[in-house]
Structure formats: C-alpha cells, structure tokens
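Architecture and fold: a report
Residue strings, one per chain:
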Amino acid sequence: MEKLINDFSLGLFFWQFLIFVGLIFLLKKFAWKPILDAVNEREEGIRNALLSAENAKKEMQNLKSDNEKLLAEARLERDTMMKEAREIKEKMINDAKAEAQTAGQKMIEQAKASIESEKNAALAELKAQVSTLSLDIAEKLLKDELSNKEAQTKLVEKMLGDVKLN
C-alpha cells in the first residue's frame, strides 16, 4: 500500500478520471438507453404474458363453469325427455288395453248376437219341423183312421209325447 501512495501521480489520476467520465458519458448516451429499453421491453413482455395467463385462467374457469351448466341442463333435459317417454309409453299401453277391451267387448257382443240369431234360426227351423211333423201326423191320422175319432186323439197324444222339444 505504501508503494501505491509513493507512486501516485496527479496527472495520471486526472487523465484516468477524465477517461472514466467520458466512458460513462458514452455508455449513458449509446449503451445505457438501449440496455434499459431492452430490460423494460422484457419486463413489459413478462407482465403481458402474466396478464394473458391470468386471463386465460379466468376464461378456462368460465368455460368450465359454462360446461358444468350445459352438462346440468343436458341432464335435466334428458331426465325430462325420459319422463315424457315413460308417460307416452304408459299412455300407449293404456290406450291399447282400452282399445283391446273395447274390441273384445264388441266381439263378445257380436258373438252373442250371432248365437242369438242362430238360436232364433234353430228355433224357427225346429218350429217348422214340428209343424211339418204335426202335418205328417195329421195326414197319417187322416189316412189310418178317418172314421174313429177316439183312436185319432190317442194317436196324436202318443206322437206328441214321443216328440221332445228343447
């Protein structure tokens, strides 16, 4: 240290100080401003990137909540549609049952009417046969015993007793 103090030169110090000040002036004028501009630009870019990341995060949360709302609405709509489908199915089944019962009743009534008409036709045929049979009996009676009235009455009663009506 002593050697530095002994070798100190005022002229050398002045020139070094002048070069140092000149160097700082040149750096400030030409280098310092572009360096600060680059640092500020980078800082602004980082700030913008952070803001857009934050905005993207908020937008993702909004989209997520919108998706959940849409999903809930879709579920509600699906449940409503399923309920309506069940109601329509039950209505169709009930309508088909009612229609089948109505058709069955009509078929039963038609069958009863058919049976009744066939019964009436059979009774009419039976009456026709009875009348034909009665005429045949009367004819036979007339042929066999035209003169004997008591024998005719017995014969008619016997033949009527033989014929059974349902």
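Note that the structure is predicted; figures quoted are calculated from it, not measured. (Residues numbered from 1 in each chain as written. Predicted model: local features only at pLDDT ≥ 70, side-chain atom pairs only at ≥ 80, totals over all residues. Heavy atoms only, no water.)

1. Some thoughts on the overall build of the protein chain
To keep it simple, the criterion reads: The secondary structure listing takes helices from DSSP runs of H or I that are at least 4 residues long and strands from runs of E that are at least 2 residues long, numbered from the N terminus. Restricting the calculation to C-alpha atoms gives the radius of gyration, and the globule rule supplies 2.2 Å times the number of residues raised to the power 0.38. Exposure is judged per residue with a 1.4 Å probe applied to protein chains only, and the accessible area is read against the type maximum: over 50% gives exposed, under 20% gives buried, and values in between give partly exposed. Residue burial considers only the protein chains on display, and all accessible areas are found by Shrake-Rupley using a 1.4 Å probe. By the counting scheme adopted, Arg and Lys are positive, Glu and Asp are negative, and His together with the chain ends is not counted. Throughout, a charge is located at the NZ atom of Lys, the CZ atom of Arg, the CG atom of Asp or the CD atom of Glu.
When its secondary structure is counted, the protein chain shows 3 helices and 0 strands. For the protein chain, the succession of helices and strands along the chain, N to C, is α-α-α. Here the C-alpha atoms of the protein chain give a radius of gyration of 64 Å, more than 25% beyond the 15 Å that 2.2 N^0.38 yields for 166 residues. Its C-alpha atoms give the protein chain principal-axis dimensions of roughly 200 × 30 × 15 Å. Expressed as a percentage of the 166 residues in the protein chain, the buried residues total 2%. Carbon and sulfur atoms make up 62% of the accessible area of the protein chain, which totals about 15,600 Å². Counting 27 positive and 29 negative side-chain charges, the protein chain places the averaged centre of each group 4 Å from the other.

2. Thoughts on the UniProt feature "transmembrane region" (unreviewed entry) in the protein chain
For clarity, the cut-off: UniProt positions are given in the numbering used here, feature names are shortened, and annotations may be inferred rather than shown by experiment.
If you check UniProt for "transmembrane region" (unreviewed entry), the listed places come out as residues 12-32 in our numbering. With 100% helix and 0% strand, residues 12-32 has end C-alpha atoms that lie 27 Å from one another.

3. Section: the environment of Phe14
With respect to the helices, strands and loops of the structure, Phe14 is situated in helix H2 (residues 10-144). Taking the C-alpha atoms as reference points, Phe14 and Lys83, 69 residues apart in sequence, are found 99 Å from one another.

4. Observations concerning the packing of aromatic side chains
Quick reminder of the rule: Here a Phe, Tyr or Trp ring, Trp counted by its six-membered ring, pairs with any other such ring whose centre lies within 6.5 Å, and the pair is stacked when the planes are under 30 degrees apart, edge-to-face when over 60, and tilted otherwise.
Summed over the entire model, instances satisfying the criterion amount to 2 aromatic pairs. Judged by centre distance (6.5 Å) and plane angle (20 degrees), the ring pair of Phe13 and Phe17 falls under stacked. You can see Phe13 and its partner Phe17 sitting in helix H2, 4 residues apart, about one turn around the helix. Ring geometry for Phe14 and Trp15: centres 5.5 Å apart, planes at 70 degrees, overall edge-to-face. Under the relative-accessibility criterion, Phe14 is labelled partly exposed at 45%.

5. Some points on the UniProt feature "coiled-coil region" (unreviewed entry) in the protein chain
The UniProt entry lists residues 46-91 under the feature "coiled-coil region" (unreviewed entry), expressed in the numbering used here. The span residues 46-91 is 100% helix and 0% strand, and its two end C-alpha atoms sit 66 Å from each other.

6. Things to note about the pattern of salt bridges
For clarity, the cut-off: The term salt bridge refers to a side-chain nitrogen of Lys or Arg lying within 4 Å of a carboxyl oxygen of Asp or Glu.
Counting across every chain of the model gives 4 salt bridges. Residues Glu44 and Arg47 are paired through a salt bridge, measuring 2.9 Å at the closest nitrogen-oxygen approach. Remark: Arg47 and Glu44 occur in helix H2; sequence separation between them is 3 residues, near one turn of the helix. Asp95 is paired through a salt bridge with Lys91; the nearest N and O atoms lie 3.2 Å apart. A residue pair is termed a helical-turn pair when its members lie 3 or 4 positions apart in one helix, as Asp95 and Lys91 do in helix H2 at 4 residues. Using a relative accessible area of 40% as the deciding quantity, one classes Asp95 as partly exposed. What you see here is one network of salt bridges that share partners, running through Glu43, Glu44 and Arg47.

7. Side note on a nonpolar patch on the surface
Quick reminder of the rule: Patches here are clusters of residues that have more than 30% relative accessible area and form no salt bridge, with a 9 Å joining cutoff for like charges and a 5 Å cutoff for nonpolar side chains (Val, Leu, Ile, Met, Phe, Trp, Tyr).
Residues Phe8, Leu10, Phe13, Phe17, Phe20, Val21 and Ile24 make up a contiguous nonpolar surface patch of about 750 Å² in total accessible area. You can see Ile24 is positioned in helix H2. Here Ile24 falls in the partly exposed class, since its relative accessible area comes to 43%.

8. Regarding the confidence of the model for the protein chain
Here is the rule: Per-residue confidence from the predictor is given as pLDDT, running between 0 and 100.
In this model, the protein chain carries an average pLDDT of 87, and 93% of its residues clear a pLDDT of 70 or more. Taking the mean pLDDT of every element in the protein chain, the minimum, 74, falls on helix H1 (residues 2-6) and the maximum, 91, on H2.

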